[in-house]
Amino acid sequence: MCLDVCSAGAIEVKTNGEGFAYPFVDEEKCVSCGLCQRKCPQNNYVNNDPEGTFAAYARDKDIRKRSSSGGLFSVLAGKVIDEGGVVFGAGFDDDLKVMHKSAGNREELALLAGSKYVQSDTQGVYKKVKEVLDEGKRVLFCATPCQCSALRNYIGDRDGLILVDFLCHGVPSPLVWRKYLDECFKDVKSAHFRSKENGWEEFSMKIVSERGNYVRSWYTDPYMRIFFGNIALRQSCYDCTHKGEGYASDITVADFWGISKVFPEMNDDRGTSAVIVRTEKGRAALDAVKTELVLKECTLESIIQSNNVYYKSAKRPVARESFFADISSGTSFEELKKKYAIPMKGTVIFKLRAKRFVKKALYKLK
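As a starting point, this report considers the structure included with it. (Residues numbered from 1 in each chain as written. Predicted model: local features only at pLDDT ≥ 70, side-chain atom pairs only at ≥ 80, totals over all residues. Heavy atoms only, no water.)

**Brief notes about the overall build of the protein**
Next up, step 1: The secondary structure content of the protein amounts to 15 helices and 13 strands.
Next up, step 2: A compact globule built from 366 residues would reach a C-alpha radius of gyration of about 21 Å, and the protein, at 20 Å, matches this within 12%.
Next up, step 3: Principal axes of the C-alpha set define a box for the protein whose edges measure 65 × 50 × 35 Å.
Next up, step 4: Residues classed as buried in the protein amount to 50% of the 366 residues present.
Next up, step 5: At a minimum sequence separation of 6, the contacts of the protein that also span at least 24 residues come to 69%.
Next up, step 6: If you average the places of the 56 positive and of the 48 negative side-chain charges in the protein, the two averages end up 6 Å apart. (Helix = DSSP H or I, 4+ residues; strand = E, 2+ residues; numbered from the N terminus. Rg over C-alpha atoms; globule rule 2.2 N^0.38 Å. Buried < 20%, exposed > 50% of the residue type's maximum accessible area, 1.4 Å probe, protein only. Contact = heavy atoms within 4.5 Å. Lys, Arg positive; Asp, Glu negative; His and termini not counted. Charge placed at Lys NZ, Arg CZ, Asp CG, Glu CD.)

**Quick notes on the sheet that holds strand E3 (residues 52-58)**
Next up, step 1: Spatially, E5-E4-E6-E7-E11-E12-E3-E13 is the arrangement adopted by the eight strands of the open sheet, whose pairing is mixed. Strands at the two margins of the open sheet, each flanked by one partner only, are strand E5 (98-103) and strand E13 (293-297). Averaged over neighbouring strand pairs, the angle between their axes works out to 25 degrees when direction is ignored.
Next up, step 2: Where strand E4 (residues 86-92) and strand E6 (residues 139-142) come together, three bridges link them in parallel fashion. Of the residues in E6, the one forming a bridge with Val86 is Val139. (Pairing = 2+ DSSP bridges. Axes fitted to C-alpha atoms, helices over the stretch in contact; angles between N-to-C directions.)

**Re the sheet that holds strand E10 (residues 212-217)**
Next up, step 1: Reading across from one edge, E8-E9-E10 is the order of the three strands in this open sheet, with antiparallel pairing throughout. Of all strands in the sheet, those with a lone pairing partner are strand E8 (190-195) and E10, marking the two edges. Sheet twist, expressed as the average angle between the axes of neighbouring strands with direction ignored, equals 15 degrees.
Next up, step 2: Here six bridges tie strand E9 (residues 204-209) to E10, and the two strands are oriented antiparallel to one another. What sits directly across from Met205, in E10, is Arg216.

**A closer look at helix H4 (residues 72-82)**
Next up, step 1: Within H4, nine of the eleven residues are buried, which leaves the element mostly enclosed by the surrounding structure.
Next up, step 2: Looking at H4, one finds that the buried residues are Leu72, Phe73, Ser74, Val75, Leu76, Ala77, Gly78, Val80 and Ile81.

**A word on the nonpolar core**
Next up, step 1: In this structure, Trp177, Tyr180, Met205, Ile207, Tyr223 and Phe323 are the most contacted members of the largest nonpolar core, which totals 38 residues.
Next up, step 2: Elements supplying a minimum of two residues to this core: E4, helix H8 (174-184), E8, E9, helix H9 (222-228), helix H13 (320-328) and helix H14 (333-340).
Next up, step 3: In this structure, Ala56, Ala58, Leu72 and Phe73 belong to the second largest nonpolar core, which totals 27 residues. (Core = buried A, V, L, I, M, F, W, Y, C linked by side-chain atoms within 4.5 Å.)

**What about the pattern of salt bridges?**
Next up, step 1: If you walk through the whole model with that rule in mind, you get 23 salt bridges.
Next up, step 2: Note that Asp134 is salt-bridged to Lys130, the shortest N-O span being 3.0 Å. Of this pair, Asp134 and Lys130 both sit in helix H6 (residues 125-134), four residues apart, which is roughly one turn of the helix.
Next up, step 3: Note on Asp134: relative accessible area 47%, which makes it partly exposed.
Next up, step 4: Using a relative accessible area of 33% as the deciding quantity, one classes Lys130 as partly exposed.
Next up, step 5: Among the ionic pairs, Asp255 bridges to Arg194, the shortest N-O distance being 2.9 Å. A residue pair is termed long-range when its members are at least 10 positions apart, and Asp255 in strand E11 (residues 251-255) and Arg194 in strand E8 qualify at 61 residues.
Next up, step 6: The exposure class of Arg194 is buried, given its relative accessible area of 6%.
Next up, step 7: Where salt bridges share partners, they join Arg152, Asp157, Asp250 and Lys281 into one cluster. (Salt bridge = Lys/Arg side-chain N within 4 Å of Asp/Glu carboxyl O.)

**Some details on the packing of aromatic side chains**
Next up, step 1: Scanning the model with the defined rule gives 25 aromatic pairs in all.
Next up, step 2: With a centroid separation of 5.2 Å and 20 degrees between ring planes, the pair formed by Tyr247 and Tyr310 is classed as stacked. In this pair, Tyr247 is assigned in the loop between H9 and E11 and Tyr310 in the loop between helix H12 (300-304) and H13, connecting sequence segments 63 residues apart. Each member of the pair, Tyr247 as well as Tyr310, carries the same accessibility label: buried.
Next up, step 3: A cation over a ring is seen here: Arg64 above Tyr57, with NZ or CZ 3.6 Å from the ring centre.
Next up, step 4: Looking at Arg194, its charged tip hangs above the ring of Phe203, at a distance of 4.1 Å from the centre. (Phe/Tyr/Trp six-rings, centres within 6.5 Å; stacked < 30°, edge-to-face > 60°. Lys NZ or Arg CZ within 6 Å of the ring centre and 35° of its normal.)

**A look at the pairing of E9**
Next up, step 1: Among the six residues in E9, five count as buried, and that is most of the element.
Next up, step 2: As paired strands, E8 and E9 are joined by four bridges and run antiparallel to one another. When the sheet's bridge partners are listed, Ser195 is paired in E9 with Ser204.
Next up, step 3: Taking the residues between adjacent antiparallel strands as the criterion, E9 and E10 are bridged by two residues.

**A word on the environment of Tyr223**
Next up, step 1: Tracing the backbone shows Tyr223 in helix H9.
Next up, step 2: A C-alpha to C-alpha distance of 9.5 Å links Tyr223 and Tyr117, two positions 106 residues apart in sequence.
Next up, step 3: Side-chain polar atoms of Tyr223 contact the backbone oxygen of Tyr117, separated by 2.6 Å. (Polar contact = N/O pair within 3.5 Å; in protein donor to acceptor, adjacent residues only side chain to side chain.)

Laid out in structure tokens, this is it:
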């Protein structure tokens, strides 16, 4: 965002040794206006308190199937598309790099569905959002809480803009994602971080490549183990300012992991979303699509009791420095996997699967 806001062209983005993009200031070009610091979401952020909380999922089975949880993003975004608006969200480029892209029709929108467990490249996207809004079109922008805060700081609270963020675990390094793809697969055609082939609760990494289909659950795939082990996250994710009182969005979405205790009749292992409405604009957007949803009101406490990332930053692992030092020294992903992608124990996996089996059986009985 600071790159887009600098009128002097004094800011350049560079990638550090860990694979993360950071802004650097050219002191000779800088006019010391201080605008980048005033607009920075790390220094200045708005908090929109919750006004309503819900459990929900899309009635359309196809939307729900290709979504990470209940399909709320796709339903909300689809309404904006149908009304001639534009949607911005994280998608893949031809090389499977994760970047923020725009969608102006349903076909393009489908490419933005699903979680992307890599930090997305947003260079230039904030200017594009402003340009679309200036044309008089509505925009739905979906991103991490800090990225939504950056956009709000950049252009303010525009009438035609709907901000949708999500409960964020943290963003892993694009370098680690690239290394995983290049060394573990050949001629990758597509990637899905949250495939529901084995169910919503046992979501899987699915890679389609020349070698066939690779499907591994989140507790056995090495990339997912590295992600959930917090070892490849950006430094700021360990002290995130966008937790608890740092949500600048109109709507926050998440997986409703505690749904079996709150509304067991909604727990069919196909995905249920938690929805936190934060503004009148957000409430109007949800009301506009409620006929397309199975929607039940709940409490904020029922959502965050199984989603502590709402208010807690990821814990920084002791081995983080050695992990990136090994990458810098050319350590193969196979060796990284053995050292850092520690799989869950068989007994723990058995208990998780048994618990999931019981939940599904109870749902079918009811």
